Amino acid sequence: MRPVYAGAAVEVAARPEEVFALITDWPRHSEWMFMTSAREVGEHRVEAYTGVRPVGFLDTMTIVAFEPPSYVLMEHTGRLVRGRGAIRVRPWRGGSRVIWAEELLLPLGAAGRALWPLGRPVVTALARHSLRRLARLLEAPAR
């Protein structure tokens, strides 16, 4: 089965170290990632729940590369979400540029692939929305 791809990017007025620290602070995902809460469940494992219980799905992941403050690569290992997701943080114009990319193996076989042209814009829009929330959170004045 061939993977499909989706991604988004945002510029953030914060240092890469600050950005990466927030991205990999799994319990804080609910502050910026659309309808998602996450937690670390082992040294290299993360679980994220997307949705409003009881409607949603569990995304289990294994951290396969962790290079602070610039790169994290996750292997999606769940029943619904499979594939790889990466977030890269680079210095950019006095702040940072965050690039989020997903390489996914779609569920439902041929039906999943047939529906991907409808799903990709939604996945991309939600990733952009989440990254904009991340940027606003990092750019907010300290309270």
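The sections below set out a description of the structure shown in this document.

Calculation criteria
Residues numbered from 1 in each chain as written. Predicted model: local features only at pLDDT ≥ 70, side-chain atom pairs only at ≥ 80, totals over all residues. Heavy atoms only, no water. Core = buried A, V, L, I, M, F, W, Y, C linked by side-chain atoms within 4.5 Å. Buried < 20%, exposed > 50% of the residue type's maximum accessible area, 1.4 Å probe, protein only. Helix = DSSP H or I, 4+ residues; strand = E, 2+ residues; numbered from the N terminus. Contact = heavy atoms within 4.5 Å. Arc of directions from axis to C-beta.

Section: the nonpolar core
In step 1: Judged by nonpolar contacts, the single largest core of 27 residues is most densely connected at Val-12, Val-19, Ile-23, Trp-32, Val-98, Leu-131 and Leu-134.
In step 2: Of all elements in the fold, only strand E1 (4-12), helix H1 (16-23), strand E3 (45-52), strand E4 (55-67), strand E5 (71-77), strand E6 (82-92), strand E7 (95-105) and helix H2 (109-139) reach the threshold of two or more residues within this core.
In step 3: In terms of residue count, the dominant contributor to this core is H2 (five residues).
In step 4: Among the nonpolar cores identified, the runner-up in size contains six residues, and Val-81, Leu-104, Leu-106 and Trp-116 belong to it.

Quick word on the environment of Phe-20
In step 1: Within the element layout of this structure, Phe-20 appears in helix H1.
In step 2: Judged by its relative accessible area of 3%, Phe-20 falls in the buried class.
In step 3: Spatially, the C-alpha atoms of Phe-20 and Ile-87 are 8.9 Å apart, while their sequence positions differ by 67 residues.
In step 4: Setting aside anything within four residues of it in sequence, one finds Phe-20 in contact with Phe-66, Glu-67, Pro-68, Pro-69, Ser-70, Tyr-71, Val-72 and Val-89.

Section: H1
In step 1: Every buried residue of H1 is accounted for by Pro-16, Val-19, Phe-20, Leu-22 and Ile-23. The arc that holds every buried residue of H1, seen down its axis, measures 165 degrees, which confines them to one face.
In step 2: Against E1, E4, E5, E6, E7 and H2 lie the buried residues of H1.

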